[in-house]
Structures are given as C-alpha cells and as structure tokens.
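Structural features, examined
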Amino acid sequence: MKFLSTTAAAALAFSTLPAFAQDASCPIKVGVLHSLSGTMAISETTLKDTMEMLIDQQNEAGGLLGCEIEAVVVDPASDWPLFAEKARELLTVQEVDVIFGSWTSVSRKSALPVLEELNGLMFYPVQYEGEESSKNVFYTGAAPNQQAIPATDYFLEELGVEKFALLGTDYVYPRTTNNILESYLKDKGIAEEDIFVNYTPFGHSDWSKIVSDVVALGADGKKVGVISTINGDANIGFYKELAAAGISADDIPVVAFSVGEEELSGLDTTNLVGHLAAWNYFQSADTEANEGWVTAWKARMGEDRVTNDPMEAHYIGFNMWVNAVTEAGTTDVDAVREAMYGQEFPNLTGGTAVMLPNHHLTKPVLIGEIQEDGQFDIISQTEPVPGDAWTDFLPESAVLVSDWQELGCGMYNTETSTCVQIKSNY
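Residues numbered from 1 in each chain as written. Predicted model: local features only at pLDDT ≥ 70, side-chain atom pairs only at ≥ 80, totals over all residues. Heavy atoms only, no water.

Let's shift gears to the packing of aromatic side chains. Tallied over the entire structure, the rule returns 19 aromatic pairs. Residues W80 and F83 carry aromatic rings whose centres are separated by 6.1 Å and whose planes lie at 35 degrees to one another, so their mutual orientation is tilted. Taken together, the residues W80 and F83, both in helix α4 (residues 80–93) and three residues apart, mark about one turn of the helix. As far as burial versus exposure is concerned, W80 and F83 are alike and both buried. With a centroid separation of 5.4 Å and an interplanar angle of 25 degrees, the aromatic rings of F123 and F138 are classed as stacked. In this pair, F123 sits in strand β4 (residues 122–124) while F138 sits in strand β5 (residues 137–139), placing the two residues 15 residues apart along the sequence. Across this residue pair, the class does not change: F123 and F138 are buried. Three or more aromatic residues joined by ring pairs make a cluster, and in this case those are F100, F123, F138, F318, W321 and Y341. Stacked on the ring of Y199, the Lys or Arg R175 has its end atom at 4.1 Å from the ring centre. (Phe/Tyr/Trp six-rings, centres within 6.5 Å; stacked < 30°, edge-to-face > 60°. Helix = DSSP H or I, 4+ residues; strand = E, 2+ residues; numbered from the N terminus. Buried < 20%, exposed > 50% of the residue type's maximum accessible area, 1.4 Å probe, protein only. Lys NZ or Arg CZ within 6 Å of the ring centre and 35° of its normal.)

What follows is the structure in structure tokens.
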C-alpha cells in the first residue's frame with residue numbers, strides 16, 4: 001500500500017541480511033489484546049481488525065526481518081482482570097514479541113504489572129488520563145494536554161461556556177481526567193459550584209435524571225457545556241436521552257473524548273448534529289495518506305466500515321515498531337525500546353508523529369463537529385503537540401517528568417533530582 005511504502009521499503013531492503021534471520025525466530029508474533037465481547041466490544045473489535053490489516057499489509061510488503069508476522073488474537077472480554085491473564089498468556093504461552101492492545105485505563109493498568117514483570121512491550125492506542133509512564137508501554141493515544149485541555153479551551157474561548165458538566169464512566173480515566181479539568185477550570189476562574197461532576201457504571205442506560213440535572217445547571221441563564229468521558233455502549237443511551245429531551249448542540253454542546261466514527265455508526269445522528277468530539281484524527285481528514293488508508297480499510301472491511309482515532313494510533317505505533325525492529329535487527333524488547341526513541345512516521349492528518357523519550361507521541365489536536373452522516377467536520381486543528389505524561393495542572397504532578405532515554409525513569413522529581421520509582425504502581 002502506498003501509505004506503508006516507508007516501512008515496506010525498509011523491510012524489503014534489510015530482510016535479505018543474514019544477521020536478521022539469525023536474530024529473529026520465525027514467525028514474528030504480534031499479540032492483539034482487545035475486547036471482542038462485552039461492553040467495550042463496540043470500540044475494540046475494530047482495533048483487532050486494524051491490527052490484522054496492518055499485519056497482512058506488512059507481510060505482503062515482505063514481512064519483517066525475513067519473517068512472516070503472525071497475529072495472535074485473544075479476547076479479554078471487557079473483563080479487566082482478564083487483561084492481566086491474557087497478557088501473561090500472550091507473553092509466556094504464545095511467546096509474542098510485542099502486544100498491541102487495551103482501551104480503558106483500568107484494562108491497561110491491569111496488564112501493566114505483567115508487562116513489567118516479564119519485560120513485555122505493549123502499544124496502547126487510546127486517549128488516557130496521563131499520570132503514568134511505564135518502561136514497557138508506548139502510549140500512542142493522546143495525553144490530557146493533547147485532548148482534554150485543548151477541548152476545554154475551545155469551550156471557554158470559542159463557545160463561551162460558563163458552566164461545565166463533567167460526565168464520565170466510573171473508572172480511572174474519567175476520574176483522573178476530571179480531577180485535572182476541575183483544577184484547570186478553577187485556574188481559569190470557573191467557580192466550584194459551576195462544575196457538575198457525575199460518574200456512571202459501564203453499560204449505564206438510564207440517563208434521564210442526569211440529563212435533567214445538566215439542564216438544571218443552566219437555569220440561571222449561564223451557558224452550559226458537557227465534557228464527556230463516557231465510554232463504550234453507554235454513549236448510545238446518553239445521546240438518545242439528549243435527543244429525547246430536545247437538547248441541541250446550540251442549547252448545551254457536548255464534547256466527547258471517547259466517541260468517534262465507530263461509536264456514531266450505531267446511532268441515529270439526526271439530533272446530534274453540531275455536538276463535538278476532540279481527537280487527533282478524523283476519517284474526514286483531507287490528505288493523500290488518509291485517502292489511501294480509508295480506501296484500503298473499506299476495500300477490506302466493506303463500504304460501511306469507518307476509520308477512527310485509535311486506529312490511526314495503531315497505524316502509527318505499528319509502523320514505528322516495524323521500523324524500530326528493522327533498525328535494531330531484532331525483536332528483543334530492550335533493543336527495540338532504544339530504537340523507538342526519536343522514531344518518526346507520517347500521521348494521517350498531514351504531519352509527522354515523533355516518539356518522545358517519555359514514550360508519548362507528538363500529535364495534532366482536532367475538534368470535530370458531528371454531521372448527519374456520522375462523520376465529523378474538522379473545525380479546529382493545531383500543530384503537533386508533545387504528549388505530557390505528567391500534567392502541569394495537579395501540584396503533585398507538575399514537578400514530575402518522564403525520560404526513559406537519558407534518565408531511565410518515568411517518574412523523575414525535578415525538585416529533588418531523584419527518580420521516585422520505576423515500576424508502575426502509581
């Protein structure tokens with residue numbers, strides 16, 4: 001494929017070298033750790049399909065280190081402890097060389113101790129709350145400064161929002177993100193009583209009371225906006241209740257951090273037009289690279305299948321991993337990790353992603369407006385923003401930096417000049 005030409009050329013150029021054949025046992029195994037059943041299947045099944053497509057394309061281009069790449073797919077079934085079990089199975093029984101997977105932060109944190117114990121390597125493709133930097137994870141989704149903070153700025157500066165409803169699913173990502181946003185909003189002059197925070201379980205379906213509470217927030221005439229960290233199929237009920245209550249984006253705009261094209265494909269979007277999402281990629285991005293990516297995806301999966309942000313994160317992460325393995329001449333985790341620093345690969349929105357020493361990418365921030373066809377009109381796009389593992393808006397985190405390349409530490413205290421800890425029991 002055209003958009004894999006850089007990787008393909010590298011793989012073909014080096015795969016004939018005997019050293020590579022000696023260093024890598026064939027096939028090279030890639031673990032795919034995504035829920036194919038349960039509440040998160042609505043989002044994660046597409047990422048499994050994405051990985052299989054990327055692997056097939058790489059094999060068509062000549063494989064890697066003279067080997068064929070094999071996808072080893074498991075189903076952790078939206079059961080968070082099962083992510084740890086399946087990660088262990090992939091690393092010890094299947095003996096995979098790398099893992100691409102998980103969506104929710106609770107599933108990632110479930111797998112972290114296993115990855116660090118066994119020195120496995122995982123690429124995590126979804127926006128998250130930050131406040132973490134593991135030696136064994138590359139975070140190819142957005143940190144809060146690449147999604148949540150810019151989206152909040154858009155509400156404040158462009159839409160004149162004066163009161164905020166922070167609605168999230170009850171787990172670590174929404175709670176930590178909203179802690180950051182509460183602190184940030186107060187710094188911006190928003191009073192505590194003008195910030196409404198609510199959490200609901202995974203799969204929550206009865207949204208009438210919560211939507212009523214959000215509407216009541218604006219009883220004094222101040223502009224209300226919803227920042228949504230609702231995950232999975234609970235979004236279906238939330239947006240349906242908004243429509244049933246007759247709430248339009250002009251009345252109370254919603255900006256979502258976990259709703260993309262895939263989630264909207266299961267909804268009647270008639271009454272959602274104008275609501276927003278903040279991501280680092282949308283299918284509607286008008287670039288040659290994205291046209292090739294979307295065309296290849298639809299040719300493989302069907303015209304009705306859409307692309308989305310976490311897919312692009314896997315696209316970037318996988319291609320960077322392929323190039324790092326090629327440079328290292330081995331799939332050895334320690335060697336690949338070192339080769340990952342400074343890796344560059346074109347993103348699908350017209351820029352270049354760079355892997356930083358804190359295991360995060362540079363990413364542009366895009367605000368998209370929902371259209372009737374379930375796609376997004378990109379109404380705002382920034383230059384690439386470096387991902388920050390530790391937020392500047394929580395005092396205990398503002399003094400921390402992550403630098404695995406030079407400092408060998410993901411949690412370095414700049415005031416004491418010490419590494420607080422190496423393992424991820426944050």
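After presenting the structure, the write-up continues.
Strand order in the open sheet formed by five strands is β2-β1-β3-β4-β5, and the pairing between neighbours is parallel. At either margin of the open sheet sits one strand with a lone partner, and together these are β2 (69–74) and β5. In this sheet, adjacent strand axes meet at a mean angle of 25 degrees when their direction is disregarded. Of the pairings in the sheet, the one linking β4 to β5 comprises three bridges and is parallel in character. Paired with M122 across the bridge in β5 is V137. Its contacts with the sheet place helix α5 (residues 105–118) against β3 (98–101), β4 and β5, and it is angled at close to 165 degrees to β4. (Pairing = 2+ DSSP bridges. Axes fitted to C-alpha atoms, helices over the stretch in contact; angles between N-to-C directions. Contact = heavy atoms within 4.5 Å.)

Those residues of helix α8 (residues 208–217) lying buried are I210, V211, V214 and L217. Buried residues in α8, looked at end-on, bunch into an arc of 110 degrees, giving them a common side. (Arc of directions from axis to C-beta.)

This part covers the state of the cysteines. Covalent bonding between the sulfur atoms of two cysteines is what defines a disulfide. For the structure shown, the criterion picks out two disulfides. The side chain of C26 participates in a disulfide bridge whose partner is C67; the two sulfur atoms lie 1.9 Å from each other. Linking C26 and C67, the disulfide has an S-S dihedral of approximately -70 degrees and is accordingly described as left-handed. Taken together, the residues C26 in the loop between α2 (18–23) and β1 (28–33) and C67 in the loop between α3 (41–60) and β2 connect sequence positions 41 residues apart. The disulfide partner of C409 is C419, and the gap between their sulfur atoms is 2.1 Å. Taking the sign of the torsion about the S-S bond as the criterion, the disulfide between C409 and C419, at about 90 degrees, is right-handed. Remark: C419 occurs in strand β19 (residues 418–419) and C409 occurs in strand β18 (residues 409–413); sequence separation between them is 10 residues. Given the relative accessible area of 0%, C409 is considered buried. (Disulfide = S-S within 2.5 Å.)

Right, let's talk about the pattern of salt bridges for a bit. Under the defined criterion, the tally for this structure stands at 16 salt bridges. Here E132 makes a salt bridge to R108, at a shortest N to O gap of 2.8 Å. Taken as a pair, E132 in the loop between β4 and β5 and R108 in helix α5 lie far apart in primary sequence, 24 residues in all. Residue E132 is classed as buried on the basis of its relative accessible area of 0%. Assessed through its relative accessible area of 0%, R108 is described here as buried. When the shortest N-O distance is used, the salt bridge between E192 and K186 registers 4.0 Å. Its relative accessible area of 37% is what places K186 among the partly exposed residues. Via salt bridges that share partners, K48, D49, E52 and R305 belong to a single interconnected network. (Salt bridge = Lys/Arg side-chain N within 4 Å of Asp/Glu carboxyl O.)

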